[in-house]
Amino acid sequence: MLRLFKGGGVFKFEKNHLTMSELENESTEWLIDGLLVEQTVNMFFAPPKHGKTWFLLGVAKELARRGVKKIFYFDRDNPKRQIKDRGVGALISDFKNIVYLTRSHMGNAKEFIESVEREAKEESYRGCVFIFDSTRDFVADASIDTQAKIFMETMKNIREAGGTVILAHHATKNGKVMHGSAEFMNGCDNIFELRQKERRDDNLDFTLKVFIDRDPIEGGEYSVELSSLNLTLLGGDEANGGLFGEDRERV
């Protein structure tokens, strides 16, 4: 039998609660169909030397071409010489909505992450995408649960402020499991396993397999043209020509 309690009034903690008006304008908005949903925490993991940076540079360019407000690429993994060789100079010259920071621009990783989190206020990051390359370079010890959890809580706070987060993450050398704490996996909305398929002249091909999905993301095969960083969906239907960007309606 249900007991009805009288009195008690309103508790202080319940005064600020979810209302229907907050949910009315919420919807699933795709930044890239089947691949990236706005206001989510996403991870692409692969073994070392499987082209994670090449792939995410292609994603960054595609987002820029689609008119995303700002794409912040936080790169603590690659030296400036390699960044130059990958054509990032032309990328940031052609697209002013891409902001690229290297290890020297960020300084101490912990302090930098804290500074990003301090700016994460209500809707402050709406329309912004944050790419972290890679997670192990932002967490002192990726195998320690408490450190990984703190980092992932920050990623969720960025999401709560309207931002979209993309994490490059390492698998173990044999590629069978993700490297480090399970807190990285637990804190994500959507996760892809990324594998470099082959290199065809100026193109690097990848296979994406859905690992965890809270949204209806899809696996598939993609290619990045190394000289231009153009991202292509391989085997796309005739309607979109398999190409992101010029032959598709931009978000």
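None of the values given here were measured: they were computed from a predicted structure.

Chemist: Please set out the overall build of the chain residue by residue, giving values where relevant.
Modeler: A tally of regular secondary structure across the chain gives eight helices and 11 strands. Counting all 251 residues of the chain, 46% fall into the buried class. Taking the intrachain contacts of the chain between residues at least 6 apart in sequence as the baseline, contacts between residues at least 24 apart amount to 68%.

Chemist: Quick one: what's the story with the nonpolar core, residue by residue and with numbers?
Modeler: Core analysis: the largest hydrophobic core is formed by 38 residues, its most contacted members being Leu35, Phe55, Leu63, Ile71 and Leu208. Top contributing element to this core by residue count: helix α2 (residues 52–65), with eight residues. Not counting residues within four places of it along the chain, the set of residues in contact with Leu63 comprises Leu31, Ile32, Leu36, Val68, Ile71 and Val129. Of all hydrophobic cores here, the second largest spans 30 residues; its members include Phe45, Phe151, Val165 and Phe184.

Chemist: A description of the sheet that holds strand β6 (residues 128–133) should follow, citing residues and the corresponding values.
Modeler: The sheet built from nine strands is open, its strands ordered β5-β4-β6-β7-β3-β8-β9-β10-β11 with mixed pairing. The two strands at the open ends of the sheet, each matched to only one other strand, are β5 (98–102) and β11 (231–233). Adjacent strand axes in the sheet meet at a mean angle of 25° when their direction is disregarded. Its contacts with the sheet place α2 against β3 (41–46), β4 (70–75), β5, β6, β7 (164–170), β8 (190–200), β9 (203–213), β10 (220–225) and β11, and it is angled at close to 165° to β4.

Scoring rules and cut-offs
- Residues numbered from 1 in each chain as written.
- Predicted model: local features only at pLDDT ≥ 70, side-chain atom pairs only at ≥ 80, totals over all residues.
- Heavy atoms only, no water.
- Helix = DSSP H or I, 4+ residues; strand = E, 2+ residues; numbered from the N terminus.
- Buried < 20%, exposed > 50% of the residue type's maximum accessible area, 1.4 Å probe, protein only.
- Contact = heavy atoms within 4.5 Å.
- Core = buried A, V, L, I, M, F, W, Y, C linked by side-chain atoms within 4.5 Å.
- Pairing = 2+ DSSP bridges.
- Axes fitted to C-alpha atoms, helices over the stretch in contact; angles between N-to-C directions.

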